[in-house]
Amino acid sequence: MNIILFGAPGAGKGTQSSLLIERKNMFQISTGDLFRSAIKNKTELGKKAQDYMVRGELVPDSIVIGMVEEVLQGQKKDFILDGFPRTVAQAEALDTLTSKMNIKIDKAIFVHVPKTELLGRLSGRRVCKNCGAVYHLKAKPTRKPDVCDACGGEVVQRPDDHESVIETRLKAYEDYTSPLKEYYKKLGKYFEVDGNQASESVYGKIEALLN
Ligand code: AMP
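All values reported here derive from a predicted model rather than from experimental measurement. (Residues numbered from 1 in each chain as written. Predicted model: local features only at pLDDT ≥ 70, side-chain atom pairs only at ≥ 80, totals over all residues. Heavy atoms only, no water.)

1. Thoughts on the pairing of strand β4 (residues 107-112)
Phase 1 of the analysis: Most of β4 is tucked away, with five of its six residues classed as buried.
Phase 2 of the analysis: In terms of strand pairing, strand β1 (residues 3-6) meets β4 through four bridges, oriented parallel. Paired with Leu-5 across the two strands is Ile-109, which belongs to β4.
Phase 3 of the analysis: Pairing geometry for β4 and strand β8 (residues 190-194), over five bridges, is parallel. Residue pairing for β8: His-112 is matched across the bridge by Asp-194. (Buried < 20%, exposed > 50% of the residue type's maximum accessible area, 1.4 Å probe, protein only. Helix = DSSP H or I, 4+ residues; strand = E, 2+ residues; numbered from the N terminus. Pairing = 2+ DSSP bridges.)

2. Some words on the packing of helix α1 (residues 13-24) against helix α9 (residues 199-210)
Phase 1 of the analysis: At a minimum axis separation of 10 Å, α1 and α9 run at an interaxial angle of 60°. When the interaxial angle is binned, α1 and α9 end up oblique. The crossing of α1 and α9 is right-handed. Of the residues in α9, those touching α1 at Thr-15, Gln-16, Leu-19, Leu-20, Arg-23 and Lys-24 are Ser-199, Glu-200, Val-202, Tyr-203, Ile-206, Glu-207 and Leu-210.
Phase 2 of the analysis: Of the residues in the contact of α1 with α9, the class split is six nonpolar, three polar and four charged. (Axes fitted to C-alpha atoms, helices over the stretch in contact; angles between N-to-C directions. Parallel < 35°, antiparallel > 145°, perpendicular 65-115°, else oblique. Left-handed = near helix turned anticlockwise from the far one by under 90°. Contact = heavy atoms within 4.5 Å. Nonpolar A, V, L, I, M, F, W, Y, C, P; charged D, E, K, R; others polar.)

3. Remarks on the sheet that holds β4
Phase 1 of the analysis: With respect to topology, five strands assemble into an open sheet ordered β2-β3-β1-β4-β8, the strand pairing being parallel. Pairing within the sheet leaves two strands with one partner each, and these edge strands are β2 (27-30) and β8. With direction set aside, neighbouring strand axes in the sheet form an average angle of 25°.
Phase 2 of the analysis: When β1 meets strand β3 (residues 79-82), the two strands line up parallel, connected through three bridges. Its bridge partner being in β3, Ile-4 is matched across the sheet by Leu-81.

4. Remarks on the site of the ligand
Phase 1 of the analysis: Taken together, 16 residues surround the ligand, and among them Thr-31, Arg-36, Glu-57, Gly-83 and Gln-90 come closest.
Phase 2 of the analysis: Taking Glu-57, its main chain carries an N or O atom lying 2.6 Å from an oxygen atom of the ligand.
Phase 3 of the analysis: Between the ligand and the protein, one listed contact pairs an oxygen atom with a side-chain N or O atom of Arg-158 at 3.2 Å.
Phase 4 of the analysis: Calculation on the ligand without its partners gives an accessible area of 470 Å², and the protein chains cover 96% of this total.
Phase 5 of the analysis: Per element, the largest residue contribution to the shell around the ligand is four residues, and it comes from helix α2 (residues 31-40).
Phase 6 of the analysis: Taken together, the residues that form the shell around the ligand break down as six nonpolar, four polar and six charged. (Near = heavy atom within 4 Å. Polar contact = N/O pair within 3.5 Å; in protein donor to acceptor, adjacent residues only side chain to side chain. Areas by Shrake-Rupley, 256 points an atom, 1.4 Å probe, with all protein chains shown as cover.)

In structure tokens:
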């Protein structure tokens, strides 16, 4: 089954995707991760995306859609789209792409977390620069300050998790991504899970939707 995981920044889409990769052998397509790696590798794509990301704005649809098209080519495993689509135009483009490629998106699962909770999650989030492991200052601190438990890499705050940028990201979510609920309801593909629980409970709900 191919799914879309969508929700506000900080809703836990990345965490749930990691569990699905590990336990269901699914393939994750995270547009945010793809952009971050393009920036790290100083590619043309990274240069195009960087300024938007630093400001907390959405990268233009044409850039994102082109990137997703490339990743979807030849994809054999069941996949999770994490952070894509983020606008109705992207959702429409995805429909066109998937029908051209003979791929089916089975469900669009919305992970719901209240805004007050999101603010705390995002401002306390820390990530390993080396392996991408995700921590939280209060909920999941590293054993040694700023050192990744998994690989010993440096643990830092994502530039777009700074408080000044978080509001812009949440507004972009409200303005552009939230309308996707209606879009997928109309297609009969919309499902919602309560994301304001322990990650294992959220995973249980998502897993039930896969079966
Ligand atoms: P994320 O890691 O999913 O929170 O994404 C980080 C940033 O990457 C976002 O704030 C956007 O600037 C950019 N981005 C990721 N996915 C998309 C997308 N589907 N459309 C536009 N911008 C995106």
